Amino acid sequence: MPSRNRRLRPLLLVGTMALAGLCAAADSARATLASTTRVVLQKGRHYVPTDLFLRLGDTITLRNEDSSQTHHAFIEADRFTFDAGDQEPGTETRLVLNEPGDFVIQCGIHPKMKLTIHVQ
């Protein structure tokens, strides 16, 4: 074996191991990201905010902040459905997002009340 190849072989081995270590580190970093809980207010026949960007596993807490109005949050999508039922003032409902895609949370009582969620 020529001496040049003998000198390059250890460098190739070290480079390959370093690259594999970087890939493994990136995967473990993604795996350790904590899920997030976002609070969405239902107030004055609106969701606040009206648009959310989230990751798989994140949670939305829908909180009825109205003093006298009942709300009824739901999602009808191809992959899953969600129905919070009637939410009296001051109550909360949680939704864990386990499907990727864009979804619209609507209010069954107030048809113009919509929240778009984007789950990656």
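Residues numbered from 1 in each chain as written. Predicted model: local features only at pLDDT ≥ 70, side-chain atom pairs only at ≥ 80, totals over all residues. Heavy atoms only, no water.

### A few points about the pattern of salt bridges
- Applying the stated criterion to the full structure yields four salt bridges.
- Among the salt bridges present, the one from Asp58 reaches Arg55, with a minimum N-O distance of 4.0 Å.
- One salt bridge connects Glu99 with Arg79, and the closest N-O pair in it is separated by 3.8 Å. With Glu99 in the loop between β7 (92-96) and β8 (101-107) and Arg79 in the loop between β5 (73-76) and β6 (81-83), the pair connects residues that are 20 residues apart, well separated along the chain.
- The class for Glu99 is partly exposed, based on a relative accessible area of 28%.
- One network of salt bridges, in which partners are shared, links Arg63, Glu92 and Arg94. (Salt bridge = Lys/Arg side-chain N within 4 Å of Asp/Glu carboxyl O. Helix = DSSP H or I, 4+ residues; strand = E, 2+ residues; numbered from the N terminus. Buried < 20%, exposed > 50% of the residue type's maximum accessible area, 1.4 Å probe, protein only.)

### What to know about the nonpolar core
- Counting 19 residues, the largest nonpolar core has Tyr47, Ile60, Ile75, Ile105 and Ile117 as its most contacted members.
- Those elements giving two or more residues to this core turn out to be β3 (51-54), β4 (59-64), β5, β8 and β9 (114-119).
- Apart from residues lying up to four places away in sequence, Ile75 is in contact with Phe80, Thr81, Phe82, Leu95, Phe103, Val104, Ile105 and Ile117. (Core = buried A, V, L, I, M, F, W, Y, C linked by side-chain atoms within 4.5 Å. Contact = heavy atoms within 4.5 Å.)

### Re the side chain of Gln87
- Mapped onto the fold, Gln87 is located in the loop between β6 and β7.
- A relative accessible area of 2% means that Gln87 is categorised as buried.
- Within the structure, Gln87 has its side chain in polar contact with the backbone oxygen of Leu62 (distance 3.3 Å).
- Among the polar contacts listed, one links the side chain of Gln87 to the side chain of Thr93, at a separation of 3.2 Å.
- Beyond its immediate sequence surroundings of up to four residues, Gln87 is in contact with Gln42, Leu62, Asn64, Gln69, Thr70, His71, Ala73, Glu92 and Thr93. (Polar contact = N/O pair within 3.5 Å; in protein donor to acceptor, adjacent residues only side chain to side chain.)

### Remarks on the sheet that holds β6
- Here five strands make up an open sheet; going across it, the order is β3-β9-β8-β5-β6 and the pairing mixed. Among the strands making up the open sheet, the edge pair consists of β3 and β6. Shown here is a sheet whose adjacent strand axes are inclined to one another by a mean of 25 degrees, direction ignored.
- Direction of pairing for β5 relative to β8: antiparallel, over a ladder of two bridges. When the bridges of β8 are listed, Phe74 appears paired with Gln106. (Pairing = 2+ DSSP bridges. Axes fitted to C-alpha atoms, helices over the stretch in contact; angles between N-to-C directions.)

### Topic: the pairing of β5
- Alignment of β5 against β6, held across three bridges, turns out to be antiparallel. By the bridge assignment for β6, Glu76 is matched with Thr81.
- Here β5 hands over to β6 after four residues, the two strands then running antiparallel side by side.

### Regarding unusual backbone geometry
- A cis geometry characterises the amide bond from Val48 onward to Pro49, with omega recorded as 0 degrees.
- Here Pro49 is to be found in the loop between β2 (46-48) and β3.

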